[in-house]
Every structure is written in structure tokens, then in C-alpha cells.
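# An overview of the molecular structure
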2 protein chains.
Amino acid sequence: MATVNRPGTADGHACGIDTAMEVIGGRWKVLILWALHEYPSRRFGELRRLLPGITEKVLASHLREMEADGVVRRVSHDEVPPRVEYSLTEDGTRLNDALEPLAAWGRDRSTGPRLGEEPS
Amino acid sequence: MATVNRPGTADGHACGIDTAMEVIGGRWKVLILWALHEYPSRRFGELRRLLPGITEKVLASHLREMEADGVVRRVSHDEVPPRVEYSLTEDGTRLNDALEPLAAWGRDRSTGPRLGEEPS
DNA sequence: CAGCATCCACCCCGATACTG
DNA sequence: CAGTATCGGGGTGGATGCTG
């Protein structure tokens, strides 16, 4: 958050990429996005289970940041035991969609070998 | 590099996003990509000038990693004084293209305010 | 159940100086 | 010009334990 010293290109147009990179710049954020897209409205514990290896601290802090960034919505039903549901906002959904070509690129490179890329 | 312990979703489909994230996961990599796209075939010093704030060490290491990842091509003409030219590979160009929707998302959020995102 | 508090290790990045 | 060598700081994320 807090728009720290972002790098920029010489001609000043930072092209919006870095804005996006800040929002998804976290070890697990794209996975959280993805999880919330495929399994909408997830509870904390469910997300934790969906993302093997993540710790509660990190999951919590990432969720808070993503909420602050307006890509995740947090709904707390106050009951006992407590229940909180997380889902994507419209903006978060759009972000996730914008991630798809990147995912496709990644899939490509995993499955298909490089196509005549290596030089002599 | 070297495919360290990547996180994954519970159902195992890591959706390729993380593959891409590893390649662009560096403070300046997307900017390098962008610079090489707009100003193809750049020399080391030119790139440094194009990216105000980057240090030689970081530029060099990022360039080496991106070359190893097959997104940047390095051509060394051996003359004196030395001359080296960097450009995008096909894969790098595709990666850059795949980044465009993300850039658009970022631009959107900068210009337009949030559109009815905030809940009650 | 849904977190927070604390401590810490690691790694990335930046600054500076030097080399072929 | 095009890098490499070395050192150091900062921030992220991981482990563990506790709370409403």
C-alpha cells in the first residue's frame, strides 16, 4: 500500500502495470484471487485449506491488504462462532480476468516447449 | 529461477499464473519488458538511462535472469569498445502482450474512481 | 472459528567501488 | 562501455503461541 517509490520509465509513462503489480505483489495474492474466483464467498478456514502452505498470519494480512485495495470484500456475520466471508469485488473480478492472459502465457510455456526461441 | 517451492491451490491446478509471476517477479522486470518493447534492441547504458533509479547491478542481474527465462535475448558484438544489445524474444513479446490487460486495469483504477465498489 | 502478537530468517534490492 | 565484487539494510513472509 501507500504507493511507495515506484520505478518509472524515463518518458514518465509508467503504463499502469506497476499499479497492478503493487496490488498483486505478494507471495499469495494471485492465488487468493484465483481461489475466490473459482470458489466465491469463502470463509477464512476454507481459504486456508484452499492454499496449502499459507500461514494464518500471511493469509490474514494479504486479505486485509487486498480489502484495502478494493479487490476483496469482507463480510462479517456476527454470530458465535464467528463467521466471515470473503469474496471478490467487481474490481477484483476484473483484475482476475486481466490476469488470465498471463496465466495462459504461463501454461503455454509449461506445456509446449520453446518454439524456436533459442538462438544459435 | 529453478522453480523453488511455488505455492499452489488445493486442487493442484496452479493455473500458470505463478509461472508468469516468477518471470516478472522482480522490482524492475516489467519495466524492462516494457522498455524493450517500446525501444527494441537497446544497449546496456541506454536501458539504464531508460530506467531512472535502477542500479547497474540490479539491471545486470535482472537481464541475466530474464535471458535465462527466455524472454530477453542478448547479442554481444565483440568490438572495442564493447557493445551489447538486448531485445525481446518472441516469448518475451508475448509476455509483454499478456501484460497489457493488467496495465489497462491499472490505468482504469488510476483515472476512474471506484465504481460503486464500496459496500454498505 | 477467525484472527492477532512476536520473533526471526531470508532474500531482494540498493550503494559503492573496481575491472576487462 | 559493460559489466562484476562486496557489503549492508529493509521488508516480506514463515513459525509459534495466544485471544475474543
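All of these numbers come straight from a predicted model, not from anything done at the bench.

### Points about the protein's contact with DNA strand C
- DNA strand C sits among 20 residues. The nearest are Arg-43, Arg-74 and Tyr-86 of chain A together with Arg-27 and Lys-57 of chain B.
- Looking at DNA strand C alone, sugar and phosphate atoms form 62% of those within 4 Å of the protein.
- Between DNA strand C and the protein, one listed contact pairs a phosphate oxygen with a backbone N or O atom of Arg-27 of chain B at 2.5 Å.
- Those elements that place two or more of their residues in the surface near DNA strand C are α3 (44-50), α4 (56-68) and β3 (83-88) of chain A together with α4 (56-68) of chain B.

### A few points about the packing of aromatic side chains
- Using the criterion set out here, one finds zero aromatic pairs over all chains in the structure.
- For the cation-ring pair, Arg-27 of chain A lies above Trp-28 of chain A, with the distance from its terminal atom to the ring centre recorded as 5.5 Å.

### Quick word on the interface of chain B and chain A
- With 50 residues of chain B at the interface, the matching set in chain A holds 49 residues.
- Overall, the association of chain B and chain A removes approximately 4,400 Å² of surface from exposure, summing both partners, and the carbon and sulfur fraction of that is 66%.
- The interface formed by chain B and chain A holds two salt bridges in total.
- Of the charged contacts, one joins Asp-91 of chain A and Arg-109 of chain B as a salt bridge, the two residues approaching to 2.7 Å between their closest N and O atoms.
- At the surface where chain B touches chain A, the tally comes to six residue pairs in polar contact (both at pLDDT 80 or more).
- Elements that contribute at least two residues to the side of chain B that touches chain A include exactly α1 (17-24), α2 (29-38), α3 (44-50) and α5 (90-111) of chain B.
- The element that contributes the greatest number of residues to the side of chain B that touches chain A is α5 of chain B, accounting for 14 residues.

The rules we used
- Counting from 1, residues in each chain are numbered in the order their sequence is written.
- Written order determines the labels here, with chains lettered from A and ligands numbered from 1.
- Local features in a predicted model are, by the rule used here, given only for residues with pLDDT of at least 70; side-chain atom pairs are given and counted only at 80 or more, and totals for whole chains, interfaces and linings are based on all residues.
- Think of the side-chain values as coming from all heavy atoms in the structure, minus any hydrogens and water.
- Neighbouring residues are identified by heavy atoms, a residue being near a molecule or strand if any of them is within 4 Å of it.
- As used in this structure description, the phrase polar contact means that two N or O atoms lie within 3.5 Å; if the pair is within protein, one of them must be able to donate a hydrogen and the other to accept it, and residues adjacent in sequence are counted only when both atoms belong to side chains.
- The secondary structure listing takes helices from DSSP runs of H or I that are at least 4 residues long and strands from runs of E that are at least 2 residues long, numbered from the N terminus.
- The pairing test for Phe, Tyr and Trp rings, Trp by its six-membered ring, is centres within 6.5 Å, and the orientation test on the planes gives stacked under 30 degrees, edge-to-face over 60, and tilted for anything in between.
- For a ring to carry a charge above it, either NZ of a lysine or CZ of an arginine must fall within 6 Å of the ring centroid while also lying within 35 degrees of the normal to the ring plane.
- Whether two residues are in contact is decided by their heavy atoms: any pair within 4.5 Å suffices.
- Two parts lose some accessible area (1.4 Å probe) when they are put together, and adding that loss for both gives the buried area.
- Only one rule defines a salt bridge in this text: a Lys or Arg side-chain nitrogen within 4 Å of an Asp or Glu carboxyl oxygen.

Honestly, that's just the spatial picture; any functional story needs more than this.
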